[in-house]
Amino acid sequence: MDRLTATLLSARDGDDAALAAAIRLAQPEVARFLRTLVNPADLEDVVQDTFVRAYRALPRYRGDACGRTWLLTIARRAAADATRRVVRRRRTDEQSIPAGSSDTAIDSTHALRALVDGLDPERREAFVLTQIVGCSYAEAAAICGVAIGTIRSRVARAREVLVEQVHAARSA
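Keep in mind the model is a prediction, meaning the values are calculated, not measured.

**Details of the pattern of salt bridges**
Where charged atoms of side chains with opposite charge meet at close range, the side chains can pair. Enumeration according to the criterion identifies 8 salt bridges in this entry. In this structure, Asp 13 and Arg 12 form a salt bridge, with 3.0 Å as the shortest nitrogen-oxygen distance. Of the residues examined, Arg 12 reaches a relative accessible area of 31% and is grouped as partly exposed. As a salt-bridge pair, Glu 122 and Arg 154 come within 3.5 Å of each other at their nearest N and O atoms. In this pair, Glu 122 is assigned in helix 6 (residues 121-133) and Arg 154 in helix 8 (residues 148-171), connecting sequence segments 32 residues apart. A relative accessible area of 43% places Glu 122 in the partly exposed class. Among the ionic contacts, a cluster of salt bridges with common partners joins Glu 29, Arg 68 and Glu 139.

**Concerning the nonpolar core**
Counting residues in hydrophobic clusters, the biggest one holds 45 residues, and the most contacted among them are Phe 33, Leu 34, Trp 70 and Leu 71. Broken down by secondary-structure element, the contributors of at least two residues to this core are helix 1 (3-12), helix 2 (16-35), helix 3 (43-57), helix 4 (67-94), helix 6, helix 7 (137-144) and helix 8.

Rules behind the numbers
- Residues numbered from 1 in each chain as written.
- Predicted model: local features only at pLDDT ≥ 70, side-chain atom pairs only at ≥ 80, totals over all residues.
- Heavy atoms only, no water.
- Salt bridge = Lys/Arg side-chain N within 4 Å of Asp/Glu carboxyl O.
- Buried < 20%, exposed > 50% of the residue type's maximum accessible area, 1.4 Å probe, protein only.
- Helix = DSSP H or I, 4+ residues; strand = E, 2+ residues; numbered from the N terminus.
- Core = buried A, V, L, I, M, F, W, Y, C linked by side-chain atoms within 4.5 Å.

Pasting the structure below:
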């Protein structure tokens, strides 16, 4: 049993120090995963929401899945909810924006994020989990609730798209 899983089980059993330790252990990885799924302005809120959800679900945590998989699954759901809120907000905001105004400038320091953000959400999720967060394909499959072959396929297609986008940018 890994350290995070053991710590979460201790926290589940009422050890407040273990709860704080679990958050300290998992926070960097949860934030790294969420950084590519949500707007930068929403990142801290979604990370916090993830741990609030985890705290509420902790009494039901049995340790069947490792703590990392359990927390990243919660983070994935928190990101999806945050994205839905942003989409609803954008729809409302678009109604108040004058026609013809747009912000097309992309900061060059955010070029990679822009490329990754441009991926299909399912491919982006699989790519981020395996290539940025460092989850195994099996862990990513458990987090996303799909077969391991599906994760492999999504990552492969994400890589193809990213390579094509980089080549297209160099040719332009």
